[in-house]
Amino acid sequence: MRCLSHMGSFVSPEESEAEMLLSGHCQAEVAEVREAFRQNLEEGKEVGAAFAVVRGEEVLVDLYGGYANARQSLPWRRDKIVCVQSVTKSLVALSLALLVDRGRLSYETPVAAVWPDFAQNGKEAITLEQVLSHQAGLNGIRESLALEDLYRGRRFAEALERMAPLYPPGSKCIYHALSFGVLAAEILRRVDGRSLGTFLREEIAEPLDLQIYLGLPLADDHRAVKIVPDADADQVMEEASRRPEAFGYVNPRVRPEEPNTRAWRAAEVGAGGAHADAISLARLYAVLAAGGSTTRHRLLRKATLDQATRERFDGDEAGFGWPIRFAAGFMLNKDRVFGPTPHAFGHSGWGGHLAFADPERGIGVAYVANRMATFGGGADPRRAKLLDALYRSLDAS
C-alpha cells in the first residue's frame, strides 16, 4: 500500500477510505506500524490521529490520518495540532528541570523558599519534588472555582496559599489533576519571571523548532483539531465527583469539549492545555532519550535529567486506586504503558495521548488523537496496537 502525501495523490478505486485518509511515512524497518495505523482507521477506532517515532535525528515514523472534526468532513492535514491534555505535565516538568539544571532550583527546595505566601497552614516544608510527584496533599481545594480561575490562575494560586494540606505531605499520592499546573506555574514565575507558556516557547519550542504551544496564538487557532468525545468520555469526571479523595478533578469542572473553545486554547493551563503535533513531541522526547542533548540540540545535562526521572512514587494512586509510578513530574513506565522498556518515561493524557522517551532504544514516541474514549477503563487499544507493531519491528530489525 502506498502513502498519500498531504498534497494529494491519485487513488485507485479499490483502495479503502482508510488508505485514502492516511498520510506521512514509515521507514522500511518499521513498516508494520503503518499497517497498524491503517487498521485503527479502518476499524473505526479513530476519528483522526497522528503517530511519530524519532531516533536521534532520524524520523522512523511520521503518520497522520483520518478527520479533524466530528462531522468527518475535514481531513487531518500535516499542519494540524491537538490539545494533548496531561501530556502537558511532562512539558511543565521539563521546564522546571531546566531551572534545576541552571542551579536556580533544586528538587529538595521548599516551595515556600521561592513563594513565601505559600508557607501557611502547615505547608512550610513541602518541596518541589513532592508537588511534581503528586504527594503534596494539594490535589484539590474546597473553595468553589470557575473555569476562569483555572485560565487566569491567580485566584486558584491564592486559594492554594491559604489551604492546609489534605493529608500529610509525602504520606501518599493523589493525582493533582488541575492544581499541578497552577502550582508549577507560580513556582516557575517566581523563580524566572516568565509565565509557563512563555518559558516553554522561548526555552524549548523555538530553539528546537517544535510545534508546541501553551497558550495557542489566535493566528494558529484554525490548526487545532476538534475534540470528539465518546459518550463515555466524561466517565472519569463523573466518578471523580463521587470519590471524596478525587474531588480536585472536578473543581472547576472541565468538560471533554472544553479544548474546542478559544478560551481554553488561549489560556496557559499547565495541567493539560498544551497543543502540539506528534512529530514535535517525538522529536523532543528523542532528545531526552539521548540523555538531554544531541549533536544539534542541548536541553539539559544528563545528570539533571537523571534527577528529574528518578522514581519518587510507585504504588496505587489513592484517588482512584490506579497503579502508577512518578518521578519529578514525569510518569515512569508501569504495566507497559510506554512499551516494554522498564526505564521509559513520559506522560499520558486524557483521551489517549501519549509521549515518552525510551533511552534503551534511543527513541522518542508520540501518539495524539481527537477521539476521546475510555475503552471501559482499560488500556487504549489504538496506541497499544501501534506500540506493539513498533516494538515487534524494532526487535526484528
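Numbering of residues starts from 1 in every chain and runs along the sequence as written. Reporting in this predicted model follows two pLDDT cut-offs: at least 70 for local features of residues, and 80 or more for side-chain atom pairs to be given and counted; totals over whole chains, interfaces and linings ignore these cut-offs and use all residues. Side-chain descriptors were evaluated using all non-hydrogen atoms of the structure, hydrogens and water having been removed beforehand.

Caption draft 1: Layout of the sheet that holds strand β5 (residues 212-213). With antiparallel pairing, three strands are arranged side by side in an open sheet as β4-β7-β5. The sheet is open, and its two edges are formed by β4 (82-83) and β5, each paired on a single side. A pair of strands counts as paired when DSSP detects no fewer than two bridges linking them. The way it works is that DSSP assigns letters per residue, a run of H or I at least four long becomes a helix, a run of E at least two long becomes a strand, and they are numbered from the N terminus. The pairing of β5 with strand β7 (residues 275-276) spans two bridges and is classified as antiparallel. Across the sheet, I212 pairs through a bridge with A276, a residue of β7.

Caption draft 2: Representation of empty space enclosed by the protein within the structure. Cavity: a set of points on a 1 Å grid over the protein atoms alone where a 1.4 Å probe fits but cannot get out. Pocket: an open set with protein on both sides within 12 Å along at least five of seven lines, its lining residues, like those of a cavity, having an atom within 4 Å of a point. Grid points are joined across faces, edges and corners, and a volume is the space filled by probe spheres set on the points. Evaluation of the coordinates by the stated rule reveals one cavity of 30 Å³ or more. Of the volumes computed, that of the largest cavity is approximately 70 Å³. Lining the largest cavity are 13 residues, and of these A50, Y64, R78, D277 and A278 lie nearest its centre. At the level of secondary structure, the elements contributing two or more residues to the lining of the largest cavity comprise β3 (58-66) and α12 (278-289). Sorting elements by how many residues they give to the lining of the largest cavity places β3 first, with three residues. Each residue gets one of three labels, nonpolar for Ala, Val, Leu, Ile, Met, Phe, Trp, Tyr, Cys and Pro, charged for Asp, Glu, Lys and Arg, and polar for the others, Gly among them. Residue composition of the lining of the largest cavity, grouped by class: eight nonpolar, no polar and five charged.

Caption draft 3: The arrangement of the pattern of salt bridges in detail. Salt bridge, as used here, is a side-chain nitrogen of Lys or Arg placed within 4 Å of a carboxyl oxygen of Asp or Glu. Under the definition given, this model contains 45 salt bridges. Measuring nitrogen to oxygen at the nearest pair gives 2.9 Å for the salt bridge that ties D221 to R262. Of the two residues, D221 sits in the loop between β5 and β6 (228-229) while R262 sits in helix α11 (residues 262-266), which places them 41 residues apart along the sequence. When accessible area is computed with a 1.4 Å probe and restricted to protein chains, residues below 20% of their type maximum are described as buried, those above 50% as exposed, and intermediate ones as partly exposed. When its relative accessible area of 28% is taken as the criterion, R262 is described as partly exposed. The partner of R325 in a salt bridge is E311, with the nearest N and O atoms 2.9 Å apart. Highlighted residues: R325 in strand β9 (residues 323-326) and E311 in the loop between α13 (302-308) and β8 (313-316), separated in sequence by 14 residues. Judged by its relative accessible area of 17%, R325 is buried.

Caption draft 4: Spatial organisation of the environment of L216. Secondary-structure assignment places L216 in the loop between β5 and β6. Judged by its relative accessible area of 1%, L216 is buried. For the pair L216 and A274, spaced 58 residues apart in the sequence, the C-alpha separation amounts to 7.9 Å.

Caption draft 5: Here's a closer look at the packing of aromatic side chains. To pair, rings of Phe, Tyr and Trp, with the six-membered ring standing in for Trp, must have centres within 6.5 Å; the planes then decide the type, stacked if under 30 degrees apart, edge-to-face if over 60, and tilted in the middle. Tallying each qualifying case throughout the model produces nine aromatic pairs. Consider the rings of Y249 and F320, whose centres lie 5.1 Å apart with planes at 75°: the pair is edge-to-face. With Y249 in the loop between α10 (235-242) and α11 and F320 in the loop between β8 and β9, the pair connects residues that are 71 residues apart, well separated along the chain. The class for F320 is buried, based on a relative accessible area of 10%. Seen from their ring centres, F320 and W322 are 4.4 Å apart, and the 5° between their planes marks the pair as stacked. One aromatic cluster is present, built from ring pairs that chain together Y175, Y249, F320, W322 and F326.

Caption draft 6: Structural view of the environment of V61. Counting through the fold element by element, V61 comes out in strand β3. Taking the relative accessible area as the measure of exposure, V61 reaches 0% and is therefore buried. Counting along the chain gives 325 residues from V61 to L386, while the straight-line C-alpha distance between them is 11 Å. Contact partners of V61, with chain neighbours within four places excluded, come to H25, C26, V30, V33, F51, A52, V53 and I279. What makes two residues a contact is simply this: any of their non-hydrogen atoms within 4.5 Å.

Caption draft 7: Here's a closer look at the pairing of strand β11 (residues 345-348). Going residue by residue along β11, you find F345 and H347 tucked away on one face and G346 and S348 tucked away on the opposite face as well. Direction of pairing for strand β10 (residues 331-332) relative to β11: antiparallel, over a ladder of two bridges. Counted as the bridge partner of M331 is G346 from β11. Direction of pairing for β11 relative to strand β12 (residues 354-358): antiparallel, over a ladder of four bridges. Across the sheet, H347 pairs through a bridge with A355, a residue of β12. What sits between the antiparallel neighbours β11 and β12 is a turn of five residues, in which G351 has the positive phi angle 105°.

Caption draft 8: How the structure looks around the pairing of strand β2 (residues 48-55). Of all eight residues that make up β2, seven are buried, and the element is covered over most of its length. Bridging between β2 and β3 involves eight bridges; their strand directions are antiparallel. Across the sheet, residue V53 finds its bridge partner in β3, namely V61. Hairpin connection of β2 to β3: two residues between the antiparallel strands, including G56 at a positive phi of 65°.

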